[in-house]
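Listed below are the residues making up each chain.
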Amino acid sequence: TESFKLLIPELEVLIDSALANNGMLGYRKDEIEVKKANLKSKRRNWTRNFGIQADTRYGNFNNFSNNVSGSDVVTLASATTQTNYGVGLYLKIPVFDIFNRKSEIKQAKTEISQAENLVKFQEDEIKEIVIRYYEDLLLKESLLEIQATNLSDAKVNMEMAKKEFTNGQIEIYEYIRISDITAGVATEFEKAKSNLLLAKKLLENYTGVQIN
């Protein structure tokens, strides 16, 4: 009897390959990275209220001073031309910005959590599908082995029936009955073979692993 056993990889190998090759799962994981980057951006937004301010002033400056000595008051006046420089830091955080920033960060964290949960759900879904395809392939393989044995036995019976009919040992209706049984077994074998190929292709397509 011809063997139709396949070299099927371990289930864990198939699951890992399916997880690595699933386009939608990859997209979901990329979404998490985008949302994490968005969270970092929102955390850095407070720096827009922080800055450095500098100014330069140039011109004539008049200075007056009074010198009091007893009953005499002497007023002194002077004029200078100079350049004044000023540098300072400022921080302005409106109350609305404080509450808005907290809300935005909380929302960004929630979006990341939702995206991670969605990835987990999809990973579980992929694992379940691979397990179903894997078990179905094993079943189809076993069924084909059974059908192959049945077909081999049916062919032997058919050869015996042909000889017995030729030698006049059985009637024609018995020969026809055995022929019909053999044809039915052959049909079931071809169906089982087709089902095995289909199950194999489905698992290969989903996991990206070639099965020989």
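An account of the accompanying structure is given in this report. As the structure is a computational prediction, the values presented were derived from the model and not from experiment.

Parameters and conventions
- Residues numbered from 1 in each chain as written.
- Predicted model: local features only at pLDDT ≥ 70, side-chain atom pairs only at ≥ 80, totals over all residues.
- Heavy atoms only, no water.
- Salt bridge = Lys/Arg side-chain N within 4 Å of Asp/Glu carboxyl O.
- Helix = DSSP H or I, 4+ residues; strand = E, 2+ residues; numbered from the N terminus.
- Buried < 20%, exposed > 50% of the residue type's maximum accessible area, 1.4 Å probe, protein only.
- Core = buried A, V, L, I, M, F, W, Y, C linked by side-chain atoms within 4.5 Å.
- Contact = heavy atoms within 4.5 Å.

1. Some thoughts on the pattern of salt bridges
Scanning the entire structure with this criterion turns up 10 salt bridges. Between Glu141 and Lys5 there is a salt bridge whose closest N-O contact spans 3.8 Å. Residue Glu141 is located in helix H3 (residues 95–166), and its partner Lys5 is located in the segment before helix H1 (11–21); the two are separated by 136 residues in the primary sequence. Accessibility expressed as a relative area gives 5% for Glu141, which makes it buried. Relative accessible area serves as the criterion here: at 56%, Lys5 is assigned to the exposed category. Among the salt bridges present, the one from Arg28 reaches Glu31, with a minimum N-O distance of 3.6 Å.

2. Looking at the nonpolar core
With 28 residues, the main nonpolar core has Ile8, Leu14, Val130 and Leu137 as its most contacted residues. Every element with two or more residues in this core is listed here: H1, helix H2 (23–44), H3 and helix H4 (172–207). Looking at this core element by element, the count peaks at 10 residues for H3. Not counting residues up to four positions away in its chain, the partners in contact with Val130 are Leu11, Leu14, Ile15, Ala18, Leu203, Tyr206 and Thr207. Formed by five residues, the second largest nonpolar core is a distinct cluster that contains Ala161, Ile170, Tyr175 and Ile178.

Limitation: the analysis is restricted to geometry and does not speak to function.
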